[in-house]
Amino acid sequence: MSGDIVTLEVSDHIALVTLNRPPVNALDRAMRDRIVAVFDEISERSDVRVAILTGAGKVFCSGADLKDRPDPAKIGAFHSHNRITRETGNCIRECSKPVIAAINGVALGAGVGLMASCDIFYACEEAVFGMPEINVGLAGGAAMLNTLFGRSLMRRMFFTGYRVPAAELYRLGIIEACTTKENLIPEAMKIAREIASKSPIAMEYAKNAANMVELMPPRDAYRFEQNITMALSKTEDAKEARMAFLEKRTPVFKGR
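Residues numbered from 1 in each chain as written. Predicted model: local features only at pLDDT ≥ 70, side-chain atom pairs only at ≥ 80, totals over all residues. Heavy atoms only, no water.

## Describing the overall build of the chain
Here is step 1 of the chain: Within the chain, the regular secondary structure consists of 10 helices and 10 strands.
Here is step 2 of the chain: For a compact globule of 256 residues, the expected C-alpha radius of gyration is about 18 Å, and the chain comes in at 19 Å, within 12% of that figure.
Here is step 3 of the chain: Principal-axis analysis of the C-alpha atoms gives the chain an extent of 60 × 40 × 35 Å.
Here is step 4 of the chain: The buried share of the chain, reckoned over its 256 residues, is 45%.
Here is step 5 of the chain: Roughly 13800 Å² of accessible area belongs to the chain as shown, and the carbon and sulfur atoms make up 55% of that amount.
Here is step 6 of the chain: Across the chain, the centroid of the 33 positively charged side chains sits 3 Å from that of the 31 negatively charged ones. (Helix = DSSP H or I, 4+ residues; strand = E, 2+ residues; numbered from the N terminus. Rg over C-alpha atoms; globule rule 2.2 N^0.38 Å. Buried < 20%, exposed > 50% of the residue type's maximum accessible area, 1.4 Å probe, protein only. Areas by Shrake-Rupley, 256 points an atom, 1.4 Å probe, with all protein chains shown as cover. Lys, Arg positive; Asp, Glu negative; His and termini not counted. Charge placed at Lys NZ, Arg CZ, Asp CG, Glu CD.)

Structure, rendered in structure tokens:
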């Protein structure tokens, strides 16, 4: 699949998804369609328990391909474009498996949006992050930035196009690690392997809970989680987890 604009490799329950559209992994319609297809596939694959999203080359994603903008004179073109643009992030956010971002270089505009849609963030030392839409006559991305940054930094980035280095994001506690480029995927793999070792059915419930409680008042959110706990308590994996803990052994999960 080396010629694919978004590649998918699966090994030991871990899916490695790589943006692969040289030279800068700019998002056009075909690439967005492929991202949606890949993460929808991951959601349904029983042999995948966690995914890592990264980029090929020196750039993670330079953002939307400005050559692929919709024609405002064509009726319906912008609605169609905006729909697939939304779903490019939603398919990652709503993926039934946790997704780890491994940012291998520059992440701008929609590239930051892809990262913000993931669950856990890693980046290499060369990575920088920005929302330069204001510099090309656009004003989108505030919703993406708002999930990552505090008020002042978010608005500075949005109003000026300011680019933040990975080391600063690590200092602020926004990313889990700022590694050398060589260690980026190995470090992301460590947490991926830990996630993959858990009960797959419990992890799918956990991903759903993490997404939903962000949208709920605390009382409703906790009730939602209690309902999940009740459902999980009836599964074979829950029984196996309890028995393995009591017997001081590694659990063997079956995903049911």
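Right, picking up where we left off after that structure.
## Observations concerning the pairing of strand S2 (residues 14-19)
Two faces belong to every sheet, and in a regular strand the side chains alternate between them.
Here is step 1 of the chain: S2 sits mainly inside the fold: six of its six residues count as buried.
Here is step 2 of the chain: Neither face of S2 is open: one carries Ile14, Leu16 and Thr18, the other Ala15, Val17 and Leu19, and all of them are buried.
Here is step 3 of the chain: In this antiparallel pair of consecutive strands, strand S1 (residues 6-11) and S2, the connection spans two residues, and Asp12 shows a positive phi of 55 degrees.
Here is step 4 of the chain: Traced from S2 through helix H1 (residues 29-44) to strand S3 (residues 50-55), the parallel crossover comes out right-handed. (Pairing = 2+ DSSP bridges. Right-handed = clockwise from strand over helix to strand, strands pointing away.)

## Observations regarding helix H5 (residues 151-160)
Here is step 1 of the chain: Inspection of H5 places Leu153, Met154, Met157 and Phe158 among the buried residues, and these make up the whole buried set. With its buried residues spanning 130 degrees around the axis, H5 presents them on a single face. Among the exposed residues of H5, those oriented more than 90 degrees off its buried face are Arg151, Ser152 and Phe159.
Here is step 2 of the chain: Packing partners of the buried residues in H5 comprise strand S8 (128-130), helix H4 (142-146) and strand S9 (164-165). (Arc of directions from axis to C-beta. Contact = heavy atoms within 4.5 Å.)

## Notes on the layout of surface pockets
Here is step 1 of the chain: Its boundaries defined by the atoms lining it, the largest pocket holds a volume of some 860 Å³.
Here is step 2 of the chain: Along its surface, the largest pocket is lined by 38 residues, and Arg32, Thr85, Ala110, Glu133 and Met144 are the ones closest to its centre.
Here is step 3 of the chain: Every element with two or more residues in the lining of the largest pocket is listed here: helix H2 (77-93), helix H3 (110-117) and H4.
Here is step 4 of the chain: A total of nine residues in the lining of the largest pocket trace back to one element, the largest contributor, which is H2.
Here is step 5 of the chain: Residues that form the lining of the largest pocket fall into these classes: 18 nonpolar, 14 polar and six charged.
Here is step 6 of the chain: Empty space within the second largest pocket amounts to approximately 360 Å³.
Here is step 7 of the chain: Arg93, Ala116, Cys118, Asn211 and Glu214 are, among the 15 residues lining the second largest pocket, the residues nearest its centre.
Here is step 8 of the chain: Listing elements by their share of the lining of the second largest pocket, those giving two or more residues are H3 and helix H8 (200-213).
Here is step 9 of the chain: The element that contributes the greatest number of residues to the lining of the second largest pocket is H8, accounting for three residues. (1 Å grid on protein atoms, 1.4 Å probe; cavity = no way out; pocket = protein on both sides within 12 Å on 5 of 7 lines; lining within 4 Å. Points joined across faces, edges and corners; volume = space filled by probe spheres on them. Nonpolar A, V, L, I, M, F, W, Y, C, P; charged D, E, K, R; others polar.)

Honestly, it's all geometry; don't read function into it.
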